[in-house]
Amino acid sequence: SCIRVTFVWLGKRCRETLNLKPTPANIKAAERLMAKVFQEIDLGIFDYEATFPKSARAAGTRGFTTIAREWLETVTAEKSTMQGYTSAIEKIWGPAFGERQLASIKSSEIKREIAKLAKRVSAKTVNNNLIPLRGIFAAAFEDGIIDRSPLERIRNLSHQAPMPDPFDREEMERILAYLRDQYSQQVWNWYEFAFGTGMRPSEQIVIQWSDIDWKRRTIRVQRARVRHVLKSTKTRMARDIDLTSRMIAVLQRQKVHSFMRGADTPIFINPVTNTPWPDVQDQRKLYFHPALRALGIRSRDAYQTRHTYATTALMAGVNPAYISRQLGHRNTAMLFKHYSKWIDGADGGREAAKLDVLYGSTEYSAEAAR
């Protein structure tokens, strides 16, 4: 009274019953259907649920896009991180693999997608986009959906991390003088505080008057704002930054503009709208970069104010461990990794001079040759 078809898919024998009477015409139709199924299985694009929507087995054949969305629901991360994962799935991996079965996706296919992506974006961005893909396949392996992940032997692309590119002391003072003379006092206050504390812009934008300990002359950094979302600091650790007399003077100037709004309001506000800064883009676009152009100083991102704080302190001989605590690093390893050049320069060239004596002497070289 019906037609039954049998085929092997993902190593398992499958049987499906078609609601067709076994007439010659229907048998021919079933043969055409199965030819299509076999071809799609060979190509790795067979969609069980689309072909046999009423099948009980189809309920267990969720494809890549479905499983990816389900994986996103299990992830606990900051909103900005989740936006990155979602974007990678919707714009890159979803279009590439669709509702394919995970077991049918091969390492070579992923490598091809990586190669295409690497032509458009940086290696770091490619690696970031691979994070959710690795998570999806790892979760599928743990759930027994696949026997192994096709990403097992796919490594991240090598990339060179950008070196700090700080301003020197003379450039810093010129920038601050220009901001003081050309713009609202609040712009000058913002950047002098950035240069003098080494705060990340995402941290400085949300510091409040209640974070200041006037007696101990410190300010507590315990939150940040990224893409309009309030979050913890990058290292998820609060820290106290010591305030120099110059930074106390900045806060005294800023009191006129925002202190009376209350202890739990941001210290720095937008001088145009008289409201808290929504993000850290306007300060850069409207004030910082125009100042660099006007002064003829090589263009750099405003985040270099943080690097300038670190390198200026190191060159002055300040203890690296103390600077590391001020910056909020977990340990001094980060400081030595990024700022070793300036640590070496803090000795005024004394160590280099020793090497020059050791290897730079002609007499020594002649003696060594003999």
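Keep in mind that this is a model prediction, so the values were computed, not measured. (Residues numbered from 1 in each chain as written. Predicted model: local features only at pLDDT ≥ 70, side-chain atom pairs only at ≥ 80, totals over all residues. Heavy atoms only, no water.)

Asker: Please give an account of the overall build of the protein chain that cites residues and values.
Answerer: Along the protein chain, the regular secondary structure elements total 16 helices and seven strands. Of the roughly 21200 Å² that the protein chain leaves accessible, carbon and sulfur atoms contribute 52%. (Helix = DSSP H or I, 4+ residues; strand = E, 2+ residues; numbered from the N terminus. Areas by Shrake-Rupley, 256 points an atom, 1.4 Å probe, with all protein chains shown as cover.)

Asker: Could you give me a rundown of the packing of aromatic side chains, with the residues and numbers involved?
Answerer: If you walk through the whole model with that rule in mind, you get 16 aromatic pairs. Note on Tyr191 and Phe288: the rings are 4.9 Å apart at their centroids and 25° apart in plane angle, and the pair reads as stacked. Of the two residues, Tyr191 is situated in helix 8 (residues 185-197) and Phe288 in helix 11 (residues 281-295); the sequence distance between them amounts to 97 residues. An identical accessibility class is assigned to Tyr191 and Phe288; each is buried. Taken together, the aromatic side chains of Phe64, Trp93, Phe97 and Phe137 make up a single cluster linked through ring pairs. Just above the ring of Trp188 sits the side chain of Arg253; from NZ or CZ to the centre is 3.6 Å. (Phe/Tyr/Trp six-rings, centres within 6.5 Å; stacked < 30°, edge-to-face > 60°. Buried < 20%, exposed > 50% of the residue type's maximum accessible area, 1.4 Å probe, protein only. Lys NZ or Arg CZ within 6 Å of the ring centre and 35° of its normal.)

Asker: Give me the sheet that holds strand 3 (residues 212-213): which residues, what numbers.
Answerer: Taken in spatial order, the three strands line up as 3-4-7 in an open sheet, and their pairing is antiparallel. This sheet does not close on itself; its edge strands, each paired only once, are strand 3 and strand 7 (239-242). Of the strand pairs in this sheet, strand 3 and strand 4 (residues 218-221) are connected by two bridges, and their pairing is antiparallel. What sits directly across from Asp213, in strand 4, is Thr218. (Pairing = 2+ DSSP bridges.)

Asker: Break down unusual backbone geometry for me, with residues and values.
Answerer: Generally, phi is negative for residues other than glycine and the peptide bonds are trans, each holding for most cases. The phi dihedral of Arg217 is positive, around 55°, even though this residue is not glycine. Residue Arg217 is classed as partly exposed on the basis of its relative accessible area of 33%. Non-glycine residue Asn274 carries a positive phi angle of around 60°. In this fold, Asn274 is placed in the loop between helix 10 (245-258) and helix 11. Accessibility expressed as a relative area gives 43% for Asn274, which makes it partly exposed.

Asker: Residues and numbers for the pairing of strand 1 (residues 3-9), please.
Answerer: Every second residue of strand 1 is oriented toward a common face, the buried set being Ile3, Val5, Phe7 and Trp9 and the non-buried set Arg4, Thr6 and Val8. Here strand 1 runs beside strand 2 (residues 12-18); their pairing, made up of seven bridges, is antiparallel. Opposite Trp9, over in strand 2, you have Lys12 as the bridge partner.

Asker: Quick one: what's the story with the nonpolar core, residue by residue and with numbers?
Answerer: Ranked by size, the top nonpolar core spans 36 residues in total, and within it Ile175, Tyr191, Phe193, Ile219, Ile267 and Phe288 carry the most contacts. Put simply, the parts of the chain that give this core at least two residues each are helix 7 (169-182), helix 8, strand 4, helix 10 and helix 11. Among the elements that take part in this core, helix 8 stands out by supplying six residues, more than any other. Beyond its immediate sequence surroundings of up to four residues, Tyr191 is in contact with Leu176, Leu179, Gln283, Arg284, Phe288, Ala302 and Thr305. Met82, Ile105, Leu133 and Phe137 belong to the second largest nonpolar core, which has 27 residues in total. (Core = buried A, V, L, I, M, F, W, Y, C linked by side-chain atoms within 4.5 Å. Contact = heavy atoms within 4.5 Å.)

Asker: Residues and numbers for the side chain of Glu109, please.
Answerer: By the secondary structure assignment, Glu109 is in helix 5 (residues 107-118). Assessed through its relative accessible area of 16%, Glu109 is described here as buried. Only 3.0 Å separates the side chain of Glu109 from the side chain of Arg100, close enough to count as a polar contact. With residues near it in sequence (within four places) discarded, Glu109 still touches Phe97, Arg100 and Ser104. (Polar contact = N/O pair within 3.5 Å; in protein donor to acceptor, adjacent residues only side chain to side chain.)

Asker: I'd like a description of helix 13 (residues 320-327), backed by residues and values.
Answerer: Inspection of helix 13 places Ile323, Ser324, Gln326 and Leu327 among the buried residues, and these make up the whole buried set. Take helix 13 and look down its axis: the buried residues cluster within an arc of 160°, on one side only. Taking the backbone nitrogen of Ala321 as reference, a side-chain oxygen 2.7 Å away marks Asn319 as the first, capping residue of helix 13. Count one or two residues on from helix 13 and you reach Gly328, which has phi positive near 90°. (Arc of directions from axis to C-beta.)

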